[in-house]
Amino acid sequence: MSTKGIVKGIISNLVIVEVDGPVSQNEICYILSKEARLMAEVIKVVGPQAYVQVFESTRGLKVGFEVEFSDHMLEVQLGPGLLSRNLDGLQNDLDKMEGVFLRSGEYTSPLNTEQLWDFKPLAKAGDKVQAADWLGETQENLQPHKIMVPFVLEGLYTVKSIVEKGSYTLKDTIAVLLDVQGNEIPVTMVQRWPVKKALKAYKEKPRPFRLLETGVRIIDIANPIVEGGTGFIPGPFGTGKTVLQHAISKQAEADIVIMAACGERANEVVEIFTEFPELEDPHTGRKLMERTIIVANTSNMPVAAREASVYTAMTIAEYYRSMGLKVLLMADSTSRWAQALREMSNRLEELPGQDAFPMDLSAIIAGFYGRAGYVILNNGQTGSITFIGTVSPAGGNLKEPVTEGTKKAARCFFALEQARADSKRYPAINPIESYSKYIEYPEFEEYIQKTVSDEWIPMVNEMKTLLQRGKEVQEQINILGDDGVPLDYHITYWKSEVIDFVILQQDAFDKIDALCPIERQQYMLKKVMGITRLDFGFDNFTEIMDYFKKVINILRQMNYSEFESDKFKEFEKQLEELLKERITQKNQG
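This one's a predicted model, so the numbers in the text were calculated from it and none came from an experiment. The residue numbers shown here count from 1 along each chain, following its written sequence. Since the coordinates come from a predicted model, pLDDT governs what is reported: local features require at least 70, and pairs of side-chain atoms require 80 or more to be given and counted, while whole-chain, interface and lining totals use all residues. As a rule here, side-chain values come from all non-hydrogen atoms in the structure, and water together with hydrogens is ignored.

A. Layout of the overall build of the protein chain. The numbering of helices and of strands both runs from the N terminus, where a helix is a DSSP run of H or I of at least 4 residues and a strand a run of E of at least 2. In terms of regular secondary structure, the protein chain is built from 14 helices and 25 strands. What the globule rule says is 2.2 Å times the number of residues to the power 0.38, and the radius of gyration is computed from C-alpha atoms. Scaling as 2.2 N^0.38, a compact globule of 589 residues should have a C-alpha radius of gyration of about 25 Å, and the protein chain matches this with 28 Å. Counting all 589 residues of the protein chain, 55% fall into the buried class. Only four residue types enter the charge count, namely Lys and Arg as positive and Asp and Glu as negative; His and the chain termini do not. Positions of charges follow a simple convention, taking NZ of Lys, CZ of Arg, CG of Asp or CD of Glu. One finds the centroid of the 66 positive side-chain charges in the protein chain at a distance of 1 Å from the centroid of its 83 negative side-chain charges. Buried, partly exposed and exposed residues are distinguished by accessible area as a fraction of the type maximum, computed with a 1.4 Å probe on protein chains only: under 20%, between the cut-offs, and over 50%, respectively.

B. Layout of the side chain of Glu56. With respect to the helices and strands, Glu56 occurs in the loop between β5 (49-54) and β6 (66-73). Residues adjacent in sequence count toward polar contacts only when both atoms are side-chain atoms; beyond that, a polar contact is any pair of N or O atoms within 3.5 Å, and within protein one must be able to donate a hydrogen and the other to accept it. Within polar-contact distance, the side chain of Glu56 engages the backbone nitrogen of Gly105 at 3.0 Å. Should any heavy atoms of two residues lie within 4.5 Å, those residues are considered in contact. Excluding anything up to four places from it in sequence, Glu56 contacts Asn13, Leu38, Arg103, Ser104, Gly105, Glu106, Tyr107 and Pro302.

C. Spatial organisation of the sheet that holds strand β15 (residues 175-178). DSSP bridges decide pairing: two strands pair if at least two such bridges lie between them. With respect to topology, four strands assemble into an open sheet ordered β10-β13-β15-β16, the strand pairing being antiparallel. A strand with exactly one partner marks an edge of an open sheet, and here the two such strands are β10 (128-129) and β16 (184-187). Pairing analysis gives two bridges linking β10 to strand β13 (residues 157-162), with the strands arranged antiparallel. When the sheet's bridge partners are listed, Lys128 is paired in β13 with Thr158.

D. Highlighting the sheet that holds strand β9 (residues 117-121). A sheet is described by the order of its strands in space; here four strands give the open sequence β12-β11-β9-β14, paired in antiparallel fashion. Whereas interior strands pair on both sides, the edge strands pair on one side only; in this sheet they are β12 (143-148) and β14 (166-168). Looking at each pair of strands side by side, their axes are set apart by 40° on average, direction ignored. Examined bridge by bridge, strand β11 (residues 134-140) and β12 share six bridges and lie antiparallel to one another. When the bridges of β12 are listed, Gly136 appears paired with Ile147. The axes used here are C-alpha line fits, helices contributing only the stretch in contact, and every angle between their N-to-C directions lies in the interval 0 to 180 degrees.

E. Up close: unusual backbone geometry. Residue Asp332 is joined to Ser333 through a cis peptide bond whose omega torsion reads 0°. Residue Tyr426 is joined to Pro427 through a cis peptide bond whose omega torsion reads -10°. Note on placement: Pro427 falls in the loop between α8 (418-422) and β25 (435-436). At Ala132, a residue that is not glycine, the phi angle is positive and equals roughly 75°. When you line up the elements, Ala132 lands in the loop between β10 and β11. With relative accessibility at 7%, the residue Ala132 sits in the buried group. Positive phi values are uncommon outside glycine, yet Asn141 reaches one of about 50°. Within the secondary structure layout, Asn141 lies in the loop between β11 and β12.

F. Looking closely at helix α2 (residues 241-251). Taking burial as the measure, the 11 residues of α2 include nine buried ones, the bulk of the element. For α2, the set of buried residues is Lys241, Thr242, Leu244, Gln245, His246, Ala247, Ile248, Ser249 and Gln251.

G. Layout of the nonpolar core. By nonpolar core we mean a set of buried residues, namely Ala, Val, Leu, Ile, Met, Phe, Trp, Tyr and Cys, connected to one another through side-chain atoms within 4.5 Å. In terms of nonpolar packing, the biggest core is built from 82 residues, with Leu135, Phe151, Leu177, Ile258, Ile293, Tyr320 and Leu329 touching the most fellow members. When residues in this core are grouped by element, the largest group, 10 residues, is from helix α4 (residues 303-321). Residues Ile388, Cys412, Met529 and Leu575 belong to the second largest nonpolar core, which totals 81 residues.

H. Quick peek at the packing of helix α10 (residues 456-480) against helix α12 (residues 518-532). Axis separation between α10 and α12 bottoms out at 11 Å; the angle between their running directions is 50°. When the axis of α10 is compared with that of α12, the two are oblique. The hand of the α10/α12 crossing is left-handed. On α12, the residues touching Trp456, Met459, Val460, Glu462, Met463 and Leu466 of α10 are Gln521, Gln522, Leu525, Lys526, Met529 and Thr532. Asp, Glu, Lys and Arg are counted as charged, while Ala, Val, Leu, Ile, Met, Phe, Trp, Tyr, Cys and Pro are counted as nonpolar; the rest, among them Gly, fall into the polar class. Split into classes, the residues belonging to the contact of α10 with α12 amount to seven nonpolar, three polar and two charged. Angles below 35 degrees are treated as roughly parallel, those above 145 as roughly antiparallel, those between 65 and 115 as roughly perpendicular, and all remaining angles as oblique. Crossing chirality is assigned from the near helix's rotation relative to the far helix, an anticlockwise turn below a right angle marking it left-handed and a clockwise turn marking it right-handed.

Structure (structure tokens):
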């Protein structure tokens, strides 16, 4: 018999319940108010009292209301039909809800149980299978969607029977499995999994090494992220976090994109809802929304719902990874999630850590980031979850606990800077502060040498050194004035500016420049680094400035031209003539 309880106290959306039986951490319960059944999660148990966080507004709740415990954790439904969905943090389908405002106690299924799916069996009777093995497949928005052995099953099972190729609904039994005792287990196309528990139904999880092409030069060249890698984008308001996220999710080489708007401001969520259905996938020419799932929670939703949304999104990502797909998960912004953790921690009167965040904030962030990664499945296929979170530090302070905790967990750090945004240098990623730890991996180096070129990594390091020197020179010019430093210093500064304007800056709204394939990136980097290695002769600093502005202008026109087109080659020719003119003058002199 399931445990019941009575409401004994209410502190905002933390409710204290006196229980009459056993309850467990993270168990789901329902508070029976007069209007609705409100869903809540157990977050602390002290003797006969359970502290539960309610996923909605607790307005109207009173002491004495009954509570029913469900005997399971917060779970998501996993099956065909999740793509193109707009979900909330509890996996309710927002499109099925009526009215402008969400009604208390209204929960909708994310899946359509009436729809027919064309099923094709991949396993046969007599096969030995285990959790996450593929039994069959169906097509979901042109993506192969694998129907798997339920993740909750442990050990080996035998396929007793499997249905023939045909159309079935999600409720239909498509296979029957036998356990070691000979018990029959019917399997449908839908299964459930608790969101707080990482899905580990794979053979191994090696270090990721394959470059994930995003088409954004400052990321792919200076701070590459890999398939199955983790990165985060901190930056103050207005530095372009959302545009950068849109660019990556639109252009990155991923089969599935999941956008988790965990506690975002309503206007940014609206932007995702309105823009994404209109965007075209540059890889297939179809609508981007066909391979996208949006999990949205706005700031005015209760703390608990904001906290649940990132876990819901990650569990859905793990489900698609088990099918051997490349998943890109974007969370915007994990600061709101951390603030939700802080609010609950304060209400539970736990000992506060720095800035009143929970003491174990770092461990919670690391545990979550650890769920991403590149895996080898039981059948030898590979799948990956690349996770990029954005952090909105208060006042742009990158030393606050959420940024610091994320820095320890994520391997890539894309620091957005107010000064770059103010001078309209977009993407406003600071090339010197940012880093990617993947460059140091020998597996990554080997992969780049094989697929791109042997010169790539040494050239990138040379570029970073020149940027650093350019920054130092700029500081000296600011202090001593233009006349106070030698001409060589001016040349160094302008060479670093060529890199900045041509390689690091990119126009996300230009049809050609928005997406820069790796072949083009390599060509342009080689061209720019070739220019920085040349010796130039000048008589004064204004001459240097005018000359390099012309060089930058031609190179930028090349960025806006179709790669290797006649227009592109024409600009290249102009550049050669410009370079020749200055070098010959020097040599003649």
